[in-house]
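Spelled out from the first residue to the last, the chains are:
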Amino acid sequence: MDSGVISFISLGMLVLDELHLPSGQVLRDGIGGSGAWSMLGARIVKGPRDAKQVGSFIVAGHDFPESAAHAVRELGVTLEMLVDPTRESTRGKLVYHDEAFNNKTFNYLTTPLQPTAAQLPLNLLAARAFHMLLPPEAVMVQVPELLSRRKEAGIKEPPVIVWEPLPWKCTPENMEAHKEACKLVSVFSPNHLELLGLYGIAKPNIAGSPIRPSPDGPPVSQGTVIGKCAAELFGNIGDNDWEGMLVVRAAEMGCFAKGAGGMSRSFPPYHVDQKLVVDATGAGNAFLGALAVSLVAANDSGRTAAQAAVMTAAPVNGDAGQISDAIVRASVVASFAIEQIGLPRQTLVEGMEGEELWNGNTFRGRYEVMANDLLGGTLST
């Protein structure tokens, strides 16, 4: 691929986090938000040599710190900023209430600056994959806007669009809106609690514990309920003619994927030992950034001729093995996100051009371990 072509961009926000730790320590201007984490996920997969193929689009206020912009530039990605001198940057307060970092609360300290398709500069507009964290009604607006702008710019290739729903919108009364919005995207990826929320099934008190799909019914394992709900939802989207994929992210249970062509499979997480999990904040976003950019490669293997007037998201092409490979890559990326508070630590390997460490480990090393266990060896490089 031409190094000048952008592989991925997120329409999520970069949030300047104020972190309140259980010790009482307060860390300010930390980089967070779905836009930052999904960008990082794509960047880890692409590696330092192809870092410029990953875009970062930040809608900032007049107070955006240069230190945060520098941290993004240090990753080698293509950074574009839109600064509103009349607004404050998006800031949030994340409070950890226990030493295990399991109990936490978040709230915005300023009015969020949400990037939109209409704001994207041309180089990012042409990206081959997009990540969105939006309610269904916004998807119905943003996706057509994105595709219309691409058509006007003469961009013929349909993009991979990965949609992550807003948790508080995942309720039974919003089910139909979610199903309609799914038809516009390539991948719909709720986490397991969001999926259960769409069906009105209460969150279990203990992670991984059995749940009751109905008030009078017997307890059933979460995995069984998740699989049943996912299969039903997938079958109801577009009357079974949707060419996309449903990926349910399920924390310590891994993820479940169901797609066109009969793809239906569960995947374990990279870290089975939960003692290695410090903070899961951002892991789902990072997973989806990695998945989006990896599905571009899978789609390339089964690409059809580019359409003359593209007004749809790309179908999920590639065979089950290639799609499984993309999910393994995303699972490995998520493993780096959960080992610490904030972004993983990046270091370059001296004397090895193009190699880098994340928390002291290489992406390729972890990928090869997981691919060998689940796929019988690495499928691609």
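Residues numbered from 1 in each chain as written. Predicted model: local features only at pLDDT ≥ 70, side-chain atom pairs only at ≥ 80, totals over all residues. Heavy atoms only, no water.

- An unreviewed UniProt entry lists the protein chain under the name PfkB family carbohydrate kinase, from Apiospora saccharicola.

### Thoughts on the environment of lysine 104
Alright, step 1. As for its position among the elements, lysine 104 is in strand S7 (residues 104–108).
Alright, step 2. Lysine 104 sits 83 residues away from leucine 21 along the chain, and the two C-alpha atoms are 9.7 Å apart.
Alright, step 3. Not counting residues within four places of it along the chain, the set of residues in contact with lysine 104 comprises Leu94, Val95, Tyr96, His97, Asp279, Ala280 and Thr281.
Alright, step 4. Within the local environment of lysine 104, its side chain forms a polar contact with the side chain of aspartate 279, the two groups lying 2.9 Å apart.
Alright, step 5. There is a polar contact of 2.5 Å between the side chain of lysine 104 and the side chain of threonine 281. (Helix = DSSP H or I, 4+ residues; strand = E, 2+ residues; numbered from the N terminus. Contact = heavy atoms within 4.5 Å. Polar contact = N/O pair within 3.5 Å; in protein donor to acceptor, adjacent residues only side chain to side chain.)

### Some thoughts on the sheet that holds strand S13 (residues 263–267)
Alright, step 1. The seven strands are arranged S1-S8-S9-S10-S11-S12-S13 in an open sheet whose pairing can be described as mixed. Single-partner strands in this sheet number two, and they are strand S1 (9–10) and S13.
Alright, step 2. When strand S9 (residues 160–164) meets strand S10 (residues 187–188), the two strands line up parallel, connected through two bridges. The residue of S10 that forms the bridge with valine 162 is valine 187. (Pairing = 2+ DSSP bridges.)

### Side note on the side chain of arginine 329
Alright, step 1. Here arginine 329 shows up in helix H9 (residues 320–337).
Alright, step 2. Assessed through its relative accessible area of 9%, arginine 329 is described here as buried.
Alright, step 3. Reaching out from arginine 329, the side chain makes a polar contact with the side chain of aspartate 325 at a distance of 3.0 Å. (Buried < 20%, exposed > 50% of the residue type's maximum accessible area, 1.4 Å probe, protein only.)

### Thoughts on empty space enclosed by the protein
Alright, step 1. As enumerated under the stated definition, the model contains two cavities of 30 Å³ or more in all.
Alright, step 2. Size it by volume and the largest cavity reaches roughly 50 Å³.
Alright, step 3. Around the largest cavity, the lining residues are Ser10, Gly12, Leu14, Gly35, Ala36, Met39, Gly55, Ser56, Phe57 and Ile58.
Alright, step 4. If you list the elements that add at least two residues to the lining of the largest cavity, you get helix H1 (34–46) and strand S4 (55–61).
Alright, step 5. Here the element with the most residues in the lining of the largest cavity is S4; it accounts for four residues.
Alright, step 6. For the lining of the largest cavity, the class distribution of residues is five nonpolar, five polar and no charged.
Alright, step 7. In this structure, the second largest cavity spans a volume of roughly 30 Å³.
Alright, step 8. Lining the second largest cavity are Ile31, Ala36, Met39, Leu40, Val72, Leu75 and Leu343. (1 Å grid on protein atoms, 1.4 Å probe; cavity = no way out; pocket = protein on both sides within 12 Å on 5 of 7 lines; lining within 4 Å. Points joined across faces, edges and corners; volume = space filled by probe spheres on them. Nonpolar A, V, L, I, M, F, W, Y, C, P; charged D, E, K, R; others polar.)

### Comments concerning the sheet that holds strand S2 (residues 15–20)
Alright, step 1. Read from one edge to the other, the open sheet built from four strands follows the order S3-S2-S6-S7, with strand pairing classed as mixed. Two strands bound the open sheet, and with one partner strand each, they are strand S3 (26–32) and S7. Looking at each pair of strands side by side, their axes are set apart by 25 degrees on average, direction ignored.
Alright, step 2. Pairing of S2 with strand S6 (residues 91–96), which is carried by five bridges, proceeds in the parallel orientation. Bridge pairing links histidine 20 to valine 95 in S6. (Axes fitted to C-alpha atoms, helices over the stretch in contact; angles between N-to-C directions.)

### Some details on the packing of aromatic side chains
How two aromatic rings sit relative to each other is given by the distance of their centres and the angle of their planes.
Alright, step 1. Evaluated as defined, the whole model comprises four aromatic pairs.
Alright, step 2. When the ring of phenylalanine 363 is compared with that of tyrosine 367, the centres are 6.1 Å apart and the planes differ by 15 degrees; the resulting orientation is stacked. Taken together, the residues span about one helical turn, with phenylalanine 363 and tyrosine 367 both in helix H10 (residues 363–375) at a distance of four residues.
Alright, step 3. Relative accessible area serves as the criterion here: at 10%, phenylalanine 363 is assigned to the buried category.
Alright, step 4. Geometry around tyrosine 367 places arginine 329 over its ring, the cationic atom sitting 4.3 Å from the centre. (Phe/Tyr/Trp six-rings, centres within 6.5 Å; stacked < 30°, edge-to-face > 60°. Lys NZ or Arg CZ within 6 Å of the ring centre and 35° of its normal.)

### Some words on the pairing of S6
Alright, step 1. Of the pairings in the sheet, the one linking S6 to S7 comprises five bridges and is antiparallel in character. Bridge pairing in S7 links tyrosine 96 to lysine 104.

### So, the pattern of salt bridges
Alright, step 1. Taken as a whole, this structure holds 15 salt bridges when the rule is applied.
Alright, step 2. Of the charged contacts, one joins lysine 179 and glutamate 176 as a salt bridge, the two residues approaching to 2.9 Å between their closest N and O atoms. Here the residue lysine 179 and the residue glutamate 176 both occupy positions in helix H5 (residues 175–182), the gap between them amounting to three residues, near one helical turn.
Alright, step 3. Lysine 179 gets classed as buried once you look at its relative accessible area, which sits at 13%.
Alright, step 4. Because the salt bridges share partners, they merge into one network encompassing Asp29, Asp63 and Arg91. (Salt bridge = Lys/Arg side-chain N within 4 Å of Asp/Glu carboxyl O.)

### Remarks on unusual backbone geometry
Alright, step 1. Backbone geometry at aspartate 29 places phi at a positive 60 degrees, although glycine is not the residue there.
Alright, step 2. Accessibility expressed as a relative area gives 32% for aspartate 29, which makes it partly exposed.
Alright, step 3. Of note, the phi angle at asparagine 359 is positive, near 55 degrees, even though the residue is not glycine.
Alright, step 4. Its place among the elements puts asparagine 359 in the loop between strand S15 (356–358) and H10.

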